[in-house]
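# Coordinate inspection notes
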Amino acid sequence: MLALVLSLNLLQAQITRQTGTVRGVIKDANGQPLPGVNITLYGPNLMGKATDVSREDGSFRLPAIPPGSYNLTAELSGFKTLTLTEVIVRVGLTVTLDLKMEQAAVEEQLTVVAKAPEIDVQKTKVTTAVTSEQIARLPLNRSLTNVLNLVPSTVGTIATYSGSIHGTLWRGVTYEVDGINANCPTTGGAFGTPQFDAIEEIEVVTGSLPAQVGTTGGAFVNIVTKSGGNNFSGQLLTYYTNKDLSQVLFPDEQLKAMNIGKPSFSLYDLDTSALLGGPIIKDKLWFFTDLAFTKSSTWSPFRPVTILGTPYDQYKVPRENYRGNLKLTTEFSRKLRFFTYFSYS
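Residues numbered from 1 in each chain as written. Predicted model: local features only at pLDDT ≥ 70, side-chain atom pairs only at ≥ 80, totals over all residues. Heavy atoms only, no water.

## Concerning the sheet that holds strand 5 (residues 59–65)
Defined as follows: What makes two strands pair is DSSP finding at least two bridges between them. Think of it this way: any DSSP run of H or I at least four residues long counts as a helix, any run of E at least two long counts as a strand, and we number them from the N terminus. Every axis corresponds to a line fitted to the C-alpha atoms, with the helix fit spanning only the stretch in contact, and the corresponding angles, defined between N-to-C directions, vary from 0 to 180 degrees.
Overall, mixed pairing links the 3 strands, which are arranged 5-2-8 in an open sheet. The strands lining the two open edges of the sheet, one partner per strand, are strand 5 and strand 8 (94–101). On average, adjacent strands in this sheet sit at an angle of 20° to one another, irrespective of strand direction. Pairing geometry for strand 2 (residues 20–28) and strand 5, over 5 bridges, is antiparallel. Within strand 5, the residue paired with Val22 across the bridge is Leu62.

Pasting the structure below:
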């Protein structure tokens, strides 16, 4: 399968589903609003810096922020410079901050080492976020559909098309990858989803869905992929398991006497991946690429049988897959972002 996606995201449309917003009110020590404060947000997932100036009521707003962890500074002459670390931005959510600045006779800086609140007080939708850090540490089969089994209100196994999310069958779930619909036109399930390690964040909305989602029956799965950054980074991962980690308690003679086959466990499973991302032009053009190779073999669920005197025994099912993705991202302005996405499987 080959896929090439060109996406032009505008702030008022798709980009709101791929980014978050940071807003808040800044006041002095007496609780009076401070206008004219220079607000700056910066981090590895952002091209350049996002800036704003507080208004008469002390409010500020920074829209279209990609998911990730950021630092925020507030500067005003006559006041201590305030720095807030670990401002966590999630896809489709609004982070609301209440900041206070202290007066200073000389130029001083105050750093608050504390996580900013991750609760969205602006929206009513019911959502679950799965971050790249969680994905890297989850002791699960490394696939998107297995991650979805962690979401509250998920029943059964989505991976085998026998489960449901929030009361809807797998055909009623809408998938998007970087703002592009990823539902298979034939089966209705997930199609062309990114390689596991290339996912930056997954947002699963199960209540109060936005109108632009469309024909979703009970859940909306919003996938945002990694985009590189101003620093080069990469990783190489290999996972391998074999049949020694599984044990069949019944000997072959007893299984044959009961006329059943061996359990359908993995005889071996190899999963390797390589990631590399970084700048082509700092703050202007980023790249991210990943390659993956998986190979496995399992016993089939076939039940041994004899037909017209010919015995048919249980057989092994081999699987092998190559996957690759290349994403180029640029930003013409804070309201206009462009990326190309090439995928091979």
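Continuing now.
## A word on the nonpolar core
To keep things clear, this is the line we draw: Think of a nonpolar core as a cluster: buried Ala, Val, Leu, Ile, Met, Phe, Trp, Tyr and Cys residues, connected wherever their side-chain atoms sit within 4.5 Å. Throughout this description, buried means an accessible area under 20% of the type-specific maximum (1.4 Å probe, protein chains only), exposed means over 50%, and partly exposed covers the range between. Working rule for contacts: check all heavy atoms of both residues, and any pair within 4.5 Å makes them a contact.
In terms of nonpolar packing, the biggest core is built from 24 residues, with Val22 and Leu72 touching the most fellow members. For this core, the elements supplying multiple residues, two or more each, are strand 2, strand 3 (38–42), strand 5, strand 6 (68–75), strand 7 (81–89) and strand 8. If we ignore the near neighbours within four places in the chain, the residues touching Val22 are Leu41, Phe60, Arg61, Leu62, Leu72, Val87, Val89, Val95 and Leu97. Core analysis: the second largest hydrophobic core is formed by 18 residues, Ile165, Val177, Ala182 and Ala219 among them.

## Concerning the side chain of Asp290
Residue position: Asp290 is located in strand 20 (residues 285–299). With residues near it in sequence (within four places) discarded, Asp290 still touches Gln195, Ala198, Ala274, Leu275, Arg323, Gly324 and Asn325.

## Overview of the environment of Ile88
Within the secondary structure, Ile88 sits in strand 7. Classification of Ile88 as buried rests on a relative accessible area of 11%. It is 9.7 Å that separates the C-alpha atoms of Ile88 and Gly20, two residues lying 68 residues apart in sequence.

## Observations concerning unusual backbone geometry
When glycine is set aside, most residues are seen to have a negative phi, and most peptide bonds are trans. Of note in the backbone geometry, Ala64 takes a positive phi value of approximately 55° without being a glycine. Residue class for Ala64 comes out buried when judged on its relative accessible area of 3%. Unusually for a residue other than glycine, Leu308 sits at a positive phi of about 50°. Inspection of the secondary structure puts Leu308 in the loop between strand 21 (305–307) and strand 22 (310–312). Residue class for Leu308 comes out exposed when judged on its relative accessible area of 87%.

## Structural notes on the sheet that holds strand 17 (residues 219–225)
Strand order in this open sheet of 5 strands is 10-16-17-14-15, and the pairing throughout is mixed. The outermost strands of the open sheet, each flanked by one partner alone, are strand 10 (126–131) and strand 15 (180–181). Here strand 14 (residues 173–177) runs beside strand 15; their pairing, made up of 2 bridges, is antiparallel. Bridge pairing in strand 15 places Glu176 opposite Asn181.

## Here's the deal with the packing of aromatic side chains
Short version of the rule: Each Phe, Tyr or Trp ring (for Trp, its six-membered ring) is paired with any other whose centre lies within 6.5 Å, and the angle between the two planes then decides the class: stacked below 30 degrees, edge-to-face above 60, tilted in between. Two thresholds decide whether a charge sits over a ring: the Lys NZ or Arg CZ must be within 6 Å of the ring centre and within 35 degrees of the ring normal.
Evaluation of the coordinates by the stated rule reveals 2 aromatic pairs. With 6.3 Å between their ring centres and 50° between their planes, Phe232 and Phe287 make a pair best called tilted. With a gap of 55 residues between them, Phe232 in the loop between strand 17 and strand 18 (233–242) and Phe287 in strand 20 connect regions that are remote in the sequence. Overall, Phe232 belongs to the exposed group, its relative accessible area being 58%. A relative accessible area of 15% places Phe287 in the buried class. When the ring of Phe293 is compared with that of Tyr322, the centres are 4.7 Å apart and the planes differ by 40°; the resulting orientation is tilted. Linking Phe293 in strand 20 with Tyr322 in strand 23 (residues 316–333), this pair joins segments that are 29 residues apart in sequence. Looking at Tyr322, the relative accessible area reads 48%, which means it is partly exposed. Note that Lys327 overlies the ring of Phe339, its terminal NZ or CZ placed 5.1 Å from the centroid.

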